[in-house]
Amino acid sequence: MKNFVTAALLFAASISFSSASFAQNNQAPEVTPNGVITSISITPANGGINPAFAGIRIKGTIKAGGNACQAQQYTAELRKEVSEGITYFVPVLEMKDNAEPVFCILSYDYNFKGLAFDQTFVLENSLIPAAFVVDVNTVGNTVSVGDLMTQAAESCSNIPRFCTKQFDPHVCTYGDVTVRGGNKCEALSGLKSNVCSQELATFIDSEVSCRREMSELQ
């Protein structure tokens, strides 16, 4: 795992492109924003046998309504668009062809991130340094692919290895993975180790939920 993370960091560093400088000198393609990315991570993927190409796996969520009930009428995905030689990944939210009217409560679920997407794209190596993701967190916020890959790899390289033996049972959850530990540090370390080994160094720190197990303390 350590070797993979190191490789991922080197790969990301080699393609990293400043989103700040991009914002000053370039403009994203004009698209009709119909979805905002609420969480995202990018990691290297199999690009095939041709060394001139590389694969990137992009996964995350796109906002669709205020709760899961409202979101069930839609599909969410990223679409690749090329403008003036620069590759952009644009979030797209569309009504399902066979969608039927549903009656949903109007309450807003603050824990609902939106519809999940998990896609792999294969690009020429020469195009990756100028690849960007559009509408990350807010409409108009464009982030470089290299920056996002670096964040994911760095998170998985920062796994707590040594924890105190203080007994304070915690449960930490990331997606559908749940790990219990004698304290929060142990639970988080086990969770990161589990997820990173499965997802090839993909981890979004903001998506972790940890809580104290009160039942164990009684």
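The structure reproduced in this document is the subject of the present report. None of the values given here were measured: they were computed from a predicted structure.

Turning our eyes to something else, we now look at the side chain of aspartate 135. Summarising the element assignment, aspartate 135 is placed in the loop between strand E6 (131–133) and strand E7 (143–144). Here the side chain of aspartate 135 touches glycine 140 through a polar contact of 2.7 Å, landing on its backbone nitrogen.

Our next topic: the sheet that holds strand E8 (residues 170–174). One open sheet holds the three strands; their spatial order is E9-E8-E10, and the pairing between them is antiparallel. Each end of this open sheet is capped by a strand with a single partner; those strands are strand E9 (177–181) and strand E10 (209–212). Sheet twist, expressed as the mean angle between neighbouring strand axes with direction ignored, is 20°.

Applying the stated criterion to the full structure yields five salt bridges. Note that glutamate 94 is salt-bridged to arginine 79, the shortest N-O span being 2.8 Å. Taken together, the residues span a long stretch of sequence, with glutamate 94 in strand E4 (residues 86–95) and arginine 79 in strand E3 (residues 74–83) at a distance of 15 residues. Exposure remark for glutamate 94: the relative accessible area of 34% places this residue in the partly exposed category. For arginine 212, the salt bridge identified is with aspartate 168, shortest N-O distance 2.8 Å. Note that arginine 212 is positioned in strand E10 and aspartate 168 in the loop between helix H4 (145–157) and E8, a separation of 44 residues in sequence. Given the relative accessible area of 41%, arginine 212 is considered partly exposed. Overlapping salt bridges, with partners in common, bring together Glu77, Arg79 and Glu94 in one network.

Rules and cut-offs
- Residues numbered from 1 in each chain as written.
- Predicted model: local features only at pLDDT ≥ 70, side-chain atom pairs only at ≥ 80, totals over all residues.
- Heavy atoms only, no water.
- Helix = DSSP H or I, 4+ residues; strand = E, 2+ residues; numbered from the N terminus.
- Polar contact = N/O pair within 3.5 Å; in protein donor to acceptor, adjacent residues only side chain to side chain.
- Pairing = 2+ DSSP bridges.
- Axes fitted to C-alpha atoms, helices over the stretch in contact; angles between N-to-C directions.
- Salt bridge = Lys/Arg side-chain N within 4 Å of Asp/Glu carboxyl O.
- Buried < 20%, exposed > 50% of the residue type's maximum accessible area, 1.4 Å probe, protein only.

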